[in-house]
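Observations on the three-dimensional arrangement
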Amino acid sequence: MRCDTCQEESPVVMRVVVAKGYNRALARPMFNCPKCFEKKEQSKREKA
């Protein structure tokens, strides 16, 4: 599988669709490798 953010191949990609205060159910799916996923989650925590 390939990360939609960095384009690197990864055996695992992740996506958060619905969480408290966050709903991307109707958005274009973006799957991230663990490294990009953590960066994205950290960015969300900093904004909150």
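Structure: above.
Heads up: these notes are all about the structure in this document. (Residues numbered from 1 in each chain as written. Predicted model: local features only at pLDDT ≥ 70, side-chain atom pairs only at ≥ 80, totals over all residues. Heavy atoms only, no water.)

Right, let's talk about the packing of aromatic side chains for a bit. Across all of its chains, the model carries zero aromatic pairs by this definition. Here Arg-15 stacks its cationic end above the ring of Phe-31, 6.0 Å away from the centre of that ring. Just above the ring of Tyr-22 sits the side chain of Lys-44; from NZ or CZ to the centre is 3.8 Å. (Phe/Tyr/Trp six-rings, centres within 6.5 Å; stacked < 30°, edge-to-face > 60°. Lys NZ or Arg CZ within 6 Å of the ring centre and 35° of its normal.)

All right, on to the environment of Arg-2 then. In this structure, Arg-2 sits in the segment before β1 (18-19). Every residue in contact with Arg-2, bar those within four places of it in the chain, is listed here: Gln-7, Glu-8, Glu-9, Val-13 and Phe-31. Within the structure, Arg-2 has its side chain in polar contact with the backbone oxygen of Gln-7 (distance 2.6 Å). (Helix = DSSP H or I, 4+ residues; strand = E, 2+ residues; numbered from the N terminus. Contact = heavy atoms within 4.5 Å. Polar contact = N/O pair within 3.5 Å; in protein donor to acceptor, adjacent residues only side chain to side chain.)

A separate point is unusual backbone geometry. Of note, Gln-7 is a non-glycine position whose phi angle comes to about 70°, a positive value. Tracing the chain through its elements places Gln-7 in the segment before β1. Classification of Gln-7 by relative accessible area gives partly exposed; the value is 44%. (Buried < 20%, exposed > 50% of the residue type's maximum accessible area, 1.4 Å probe, protein only.)

Once that is clear, we can look at the pattern of salt bridges. Summed over all chains, the structure comprises three salt bridges. Among the salt bridges present, the one from Arg-2 reaches Glu-9, with a minimum N-O distance of 3.1 Å. Looking at Arg-2, the relative accessible area reads 42%, which means it is partly exposed. The partner of Glu-38 in a salt bridge is Arg-45, with the nearest N and O atoms 2.6 Å apart. When its relative accessible area of 42% is taken as the criterion, Glu-38 is described as partly exposed. (Salt bridge = Lys/Arg side-chain N within 4 Å of Asp/Glu carboxyl O.)

The next subject is helix α1 (residues 34-47). Under the 1.5 Å per step criterion, the end-to-end length of α1 is 20 Å for 14 residues, consistent within 8% with the ideal 20 Å. Among the residues of α1, those classed as buried are Cys-36, Phe-37 and Glu-41. Projected onto a plane normal to the axis of α1, the buried residues spread over an arc of 135° and lie on a single side. Opposite the buried face of α1, at more than 90 degrees from it, the exposed residues are Lys-35, Lys-39 and Glu-46. (Expected span 1.5 Å × (residues − 1). Arc of directions from axis to C-beta.)

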